[in-house]
2 protein chains.
Amino acid sequence: MNLLIHGGTIVTMRGDEVIRDGAIAVEDGTIIDVGKAGQMLKRYASGYEKINAKGKVVIPGLINTHQHAAMSLLRGYADDLPLLEWLEKWIWPIERLMTAEDIYVGSLLTAIESIMGGTTTINTMYHYMPGENEAKALAEAGVRGVVGHVCFSWRKDDDRRALEDLAKNWHNKAGGLIRVSVDPHAPYTVDPEYMKELKALCEELDRKYGSEKAPIIWHIHVAETFEEADKIRKAFNVDVKGGVMEYLDSLGVLDGRVIAAHCVALTDNDMAVMKVRGVKVSHNPISNLKLASGISPVPKMLEHGVTVSLGTDSPCSNNAADMFEVMKVTAVLHKGVSGNPTAMSAQQVLKMATLDGARALCWENEIGSIKVGKKADLAIINFDKPHLCPLYNEFSHLIYAAKSADVETVIINGKIVMEDRRLTTLNSEKVMEIVEKAKNRLLEKLQTQH
Amino acid sequence: MNLLIHGGTIVTMRGDEVIRDGAIAVEDGTIIDVGKAGQMLKRYASGYEKINAKGKVVIPGLINTHQHAAMSLLRGYADDLPLLEWLEKWIWPIERLMTAEDIYVGSLLTAIESIMGGTTTINTMYHYMPGENEAKALAEAGVRGVVGHVCFSWRKDDDRRALEDLAKNWHNKAGGLIRVSVDPHAPYTVDPEYMKELKALCEELDRKYGSEKAPIIWHIHVAETFEEADKIRKAFNVDVKGGVMEYLDSLGVLDGRVIAAHCVALTDNDMAVMKVRGVKVSHNPISNLKLASGISPVPKMLEHGVTVSLGTDSPCSNNAADMFEVMKVTAVLHKGVSGNPTAMSAQQVLKMATLDGARALCWENEIGSIKVGKKADLAIINFDKPHLCPLYNEFSHLIYAAKSADVETVIINGKIVMEDRRLTTLNSEKVMEIVEKAKNRLLEKLQTQH
């Protein structure tokens, strides 16, 4: 399908470029032209489905670089609890009962919520099973994604089988929409030898199924809490004095294809190591605050030259998949904590949620900005709303005032997946119905156990 | 108009009461019955306009206890700047050009945004002028409000005239919808003598125009930044060592009719004083973070037994009038900062935004909970949305997952002011149009000056 989006204000994320009364032409999923609407309406007069974006703002689709998509099933199941009690008494017992079907259904729901909030790419880590799974759900929803399988020392053989199946069946599949990753859970649940093995396995799978342009990346939780270094030391009797990232570097696993989620408890050493190795970060401020993990030193990482992208984390520690919320919280939180109101400008935060998200997933050759040659992943936002009035500056409104509900039309890989807030790929009523049923099934199973 | 809202889940804010398939009967603006829908549909079969709330959640309207409603005109005008540069180079020069008409128009816009986000009461502090003003705008919108006039040492005579006019014309007017307050700007801009005078004037106006049930209250910014104590000492050569609140207490101005906005930089003394005097707080976390003022010690104030309510602050330091955002940020921020994930439970935060808001405005006899005898200020929220699915717990979803755009119908003083997201009191398209014009007029005036 060829598209011409015209008449809107285009925030390209190529620097501070803002094209008023602009237009974007799309052919076969790829952006072929970006410019002023007047000329482009003539140039692409026929053969292009027209989308009138007058009064609207077009941005690159948002990139959520840390999710556990299936966990939307547990949204609001347990909150306001101490972390260990939350995990051990609430989350883990019910997660153990989740089937492949549940994982698939939860991911469908997250895909819907993501589209409706302008998120076009999701980096998700969960338990992969052949058949029904997160990758299948995202592909059906038409949402771009990196789908990983989370690995633990206690299930190495299962992990290896899952990773091989995942890479073979899903890497660079669904028209290039889905890529895969190798996901060691965390440095305290994956022993040093297994950590190294998973890096080697990632490289091996990448040689088999990946390419320079579409690599298989490595997605891991790092330094989520201040207790983590101690947990690693106790679990594996290793030296973590220099910091968790430095410890990982001593294993030789860090490079530019690593995305580390959270990074709350970092040393200065850690940040220097990250810069040298090119490790990318997914910053998840809402989840980190809600779980009382702490506040990631984002301004300091940026000073070190580290690429920091944004994520929601799972819908049961957030409890939303809303990147507009994450952007606003990121912009205000670090001002408040650092005492510097000029920290984290609106434009910088939007870059973290778009171009830097693409970089963090090694996908910046195709997504993250509105540029000829890139894939057409776009969110069209209706600015004709009382809370977006009056308009002085688009970047300011996008970060501080716009909301997920203002996203009107979403295009992924050149395909319209939501138009005027109606989904085209999935029936949200039906998905909500099966999600409620899945929830009830889980609660019944839990009760039967007791 | 008599109303019967039936079939929804009612979160009354009387403790943790949740009535499923409940109903609320309203006569002449007052709640006359609350119970199960089955019985009440029979009891109020005729003579009541029915609102079917199946699949929806009904809560008391949210109470925003700190606003400068007119400032929506400056939303996004200047952000990400050092505080003094922001005020002196950006906000103050353009504010000086604002006319009574501008103030009225900006307040209309804030009223609309508030209704659309489930906020039914606004406590606003701004420059009052007879004629066009904030009170008129709120009354026309049908929004409940406490409207103040902000006082400074440099304009005492003007302040006295404005306060007398405001109290006479607006206190307990518009069917009891509008009340007024006396608003010393802050302890560093109001000298000690004038501060005492304003307290005496508040009491005098209350004797003339107020009553025990509808008092004229005192609304002031206190301890917004850590520099404030020093600013007070330098301005007035007074002792502020014990804390800003203790200093105010030494002037004899603190009592249960004082609402103090911000309270970021408090001493332990201050908190003890607040408890003893019954001073209420408006906590504005988003504004405090965005302006890099710091983080108010809310859990500590709650431990001291101080009533803490919630506010957005002005739409140019937030940049929204969205109490759902403020509730979520309040709930997660203090967990993250205190390291305690059980701090600020969902239920507690909803109480801060409703019942404690009513207490902070000395209005709890009429609003803040769903209870027979109270005014019908209600927000009906559509829970049939992907991001509110599945449902385990209403309190959790209301704080962590629901958004202002999920509010479907709003009732204030028994009157439907928004139905299925259509406003009944104002034309939002028209208001947005005159706001854009007002903005352009202001920018032109500013340019003419230079």
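Residues numbered from 1 in each chain as written. Chains lettered and ligands numbered in written order. Predicted model: local features only at pLDDT ≥ 70, side-chain atom pairs only at ≥ 80, totals over all residues.

### Quick notes on the overall build of chain A
On a plain count of helices and strands, chain A comes out with 16 helices and 17 strands. In terms of overall dimensions, chain A is globule-like: its C-alpha atoms have a radius of gyration of 21 Å, near the 22 Å expected for 450 residues. With respect to the principal axes defined by its C-alpha atoms, chain A has extents near 70 × 50 × 45 Å. The contacts in chain A between residues at least 6 apart in sequence include a share of 73% that link residues at least 24 apart. (Helix = DSSP H or I, 4+ residues; strand = E, 2+ residues; numbered from the N terminus. Rg over C-alpha atoms; globule rule 2.2 N^0.38 Å. Contact = placed C-beta atoms within 7 Å.)

### Quick notes on helix H5 (residues 156-170) of chain A
Residues and elements named next belong to chain A. Taking 1.5 Å per residue, 15 residues should reach 21 Å; H5 reaches 21 Å between its end C-alpha atoms and fits that length. The complete set of buried residues in H5 reads Asp 159, Ala 162, Leu 163, Leu 166, Ala 167 and Trp 170. Down the axis of H5, the buried set is contained in an arc of 125°. They therefore lie on one face. Residue Asn 172 follows H5 closely and has a positive phi angle near 60°. (Expected span 1.5 Å × (residues − 1). Buried ≥ 20, exposed ≤ 12 C-beta atoms within 10 Å, placed from the backbone. Arc of directions from axis to C-beta.)

### Re the sheet that holds strand S11 (residues 258-262) of chain A
Strand pairing in a sheet relies on backbone hydrogen bonds, with the paired strands running either antiparallel or parallel. Residue and element names in this part refer to chain A. A sheet is described by the order of its strands in space; here eight strands give the open sequence S6-S7-S8-S9-S10-S11-S12-S13, paired in parallel fashion. This sheet does not close on itself; its edge strands, each paired only once, are strand S6 (62-67) and strand S13 (308-310). Strand-to-strand, the axes of this sheet are offset by a mean angle of 25°, without reference to chain direction. In the sheet, strand S10 (residues 217-222) pairs with S11 via five bridges, with the strands oriented parallel. When the sheet's bridge partners are listed, Trp 218 is paired in S11 with Val 258. Its contacts with the sheet place helix H4 (residues 134-141) against strand S7 (119-126), strand S8 (144-151) and strand S9 (178-184), and it is angled at close to 175° to S8. Against the sheet, H5 contacts S8 and S9, and its axis sits at roughly 165° relative to S8. (Pairing = 2+ DSSP bridges. Axes fitted to C-alpha atoms, helices over the stretch in contact; angles between N-to-C directions.)

### Some points on the interface of chain A and chain B
On the chain B side, the residues contacting the 51 residues of chain A number 51 residues. Taken together, the elements giving at least two residues each to the side of chain A that touches chain B come down to helix H3 (100-116), helix H10 (285-290), helix H12 (323-338), helix H15 (394-400) and helix H16 (428-449) of chain A. Considering only residue class, the side of chain A that touches chain B consists of 28 nonpolar, 14 polar and nine charged. (Nonpolar A, V, L, I, M, F, W, Y, C, P; charged D, E, K, R; others polar.)

### Some thoughts on the pairing of strand S14 (residues 378-382) of chain A
Here is the key point about a regular strand: its side chains alternate between the two faces of the sheet. Residues and elements named next belong to chain A. The element S14 is largely enclosed, with a buried count of four among its five residues. Where strand S5 (residues 56-60) and S14 come together, five bridges link them in antiparallel fashion. Each bridged residue has a counterpart across the sheet, and for Val 57 the counterpart in S14 is Ile 381. Examined bridge by bridge, S14 and strand S15 (residues 407-412) share four bridges and lie antiparallel to one another.

### Some thoughts on the domain arrangement of chain A
All names here are of chain A. Domain annotation of chain A identifies domain 1 (3-60 + 375-423) and domain 2 (62-360). Here the C-alpha centre of domain 2 lies 29 Å away from the C-alpha centre of domain 1. Each partner contributes to the interface: domain 1 provides 23 residues, whereas domain 2 provides 25 residues. Ranked by residues supplied to the side of domain 1 that touches domain 2, first place goes to H15 with five residues. Broken down by class, the residue content of the side of domain 1 that touches domain 2 amounts to 16 nonpolar, three polar and four charged. (Domains from an automatic or database assignment.)

### Overview of unusual backbone geometry
Residues and elements named next belong to chain B. Going from Asn 318 to Asn 319, the amide bond is cis rather than trans, its omega being 5°. Secondary-structure assignment places Asn 319 in the loop between strand S13 (308-310) and helix H12 (323-338). Across the junction of Cys 389 and Pro 390, the peptide omega takes the value -10°, indicating a cis bond. On the secondary structure map, Pro 390 appears in the loop between strand S14 (378-382) and helix H15 (394-400). With a phi angle near 55°, Met 344 is a residue other than glycine that sits in the positive phi range. Here Met 344 is to be found in the loop between H12 and helix H13 (346-352). Even without a glycine there, the phi angle at Asn 413 is positive, about 55°. Mapped onto the secondary structure, Asn 413 falls in the loop between strand S15 (407-412) and strand S16 (415-419). Classification of Asn 413 as buried rests on a count of 23 C-beta atoms within 10 Å.

### What about the relation of the copies chain A and chain B?
You can overlay chain A on chain B at an RMSD of 0.0 Å; the transform is a turn of 180° with a shift of 0.0 Å along its axis. Put plainly, the chains are arranged around a two-fold axis. Taking the C-alpha atom as reference, chain A places A:Ala405 closest to the rotation axis, 3.3 Å from it. The fraction of interface residues of chain A whose copies in chain B are also interface residues reaches 100%, indicating that both copies meet through the same surface. (Least-squares fit on C-alpha atoms with pLDDT ≥ 70 in both.)

### Quick look at the confidence of the model for chain A
Predicted coordinates in regions of low pLDDT should not be interpreted in detail. Residue-level pLDDT values for chain A average 97, and 100% of them are 70 or greater. Scored by ipTM, the complex comes to 0.98, with pTM at 0.98. (pLDDT = per-residue confidence, 0-100.)

### Structural notes on H3(A)
All names here are of chain A. Here H3 contains 17 residues, and its C-alpha end-to-end distance of 25 Å stays within 8% of the 24 Å for a straight helix at 1.5 Å per residue. With 15 of 17 residues buried, H3 is to be regarded as a mostly interior element. Phi for Gly 118, located one or two positions after H3, is positive at around 80°.

### Comments concerning the packing of H3(A) against H16(A)
All names here are of chain A. H16 packs onto H3 with a crossing angle of 140° between their chain directions and a minimal axis gap of 10 Å. Viewed along their axes, H3 and H16 adopt a mutual orientation that is oblique. Both H3 and H16 take part in a crossing whose hand is left-handed. Side by side, H3 and H16 meet where Asp 102, Val 105, Leu 108, Leu 109 and Ile 112 of the first sit next to Ser 428, Val 431, Ile 434, Val 435, Ala 438 and Leu 442 of the second. Across the contact of H3 with H16, the residue classes break down as nine nonpolar, one polar and one charged. (Parallel < 35°, antiparallel > 145°, perpendicular 65-115°, else oblique. Left-handed = near helix turned anticlockwise from the far one by under 90°.)

### Focus on the sheet that holds strand S11 (residues 258-262) of chain B
Residues and elements named next belong to chain B. One open sheet holds the eight strands; their spatial order is S6-S7-S8-S9-S10-S11-S12-S13, and the pairing between them is parallel. Each edge of the sheet is formed by a strand with only one pairing partner; in this case those strands are strand S6 (62-67) and S13. Here the strands of the sheet are splayed against their neighbours by 25° on average, with no regard to which way each runs. Across the sheet, helix H5 (residues 156-170) touches strand S8 (144-151) and strand S9 (178-184), and the angle it forms with S8 is around 165°.

### Some details on the packing of helix H3 (residues 100-116) of chain B against helix H4 (residues 134-141) of chain B
Residue and element names in this part refer to chain B. Between H3 and H4, whose axes approach to 8 Å, the crossing angle comes to 40°. Our pair here, H3 against H4, has a crossing hand that is right-handed. Contact residues: H3 offers Ile 103, Tyr 104, Ser 107, Leu 108, Ala 111, Ile 112 and Ile 115, while H4 offers Glu 134, Lys 136, Ala 137, Leu 138 and Ala 141.

### Brief notes about the environment of A:Thr267
Residue and element names in this part refer to chain A. Following the sequence through the fold, Thr 267 ends up in the loop between S11 and helix H9 (268-277). For Thr 267, a count of 18 C-beta atoms within 10 Å puts it in the partly exposed group. Here the alpha-carbon distance between Thr 267 and Val 279, two residues twelve residues apart in the chain, equals 15 Å. Here Thr 267 is in contact with Gly 242 and Gly 243, once residues within four sequence places are set aside.

### What about the environment of A:His68?
All names here are of chain A. For His 68, the position within the fold is in the loop between S6 and helix H2 (83-95). By C-beta crowding, His 68 is classed as buried, having 25 other C-beta atoms within 10 Å. Along the primary structure His 68 and Ala 265 are separated by 197 residues, whereas in three dimensions their C-alpha atoms are 21 Å apart. Once you skip the residues sitting within four places of it in the chain, His 68 turns out to touch Thr 124, Met 125, Tyr 126 and Ser 314.

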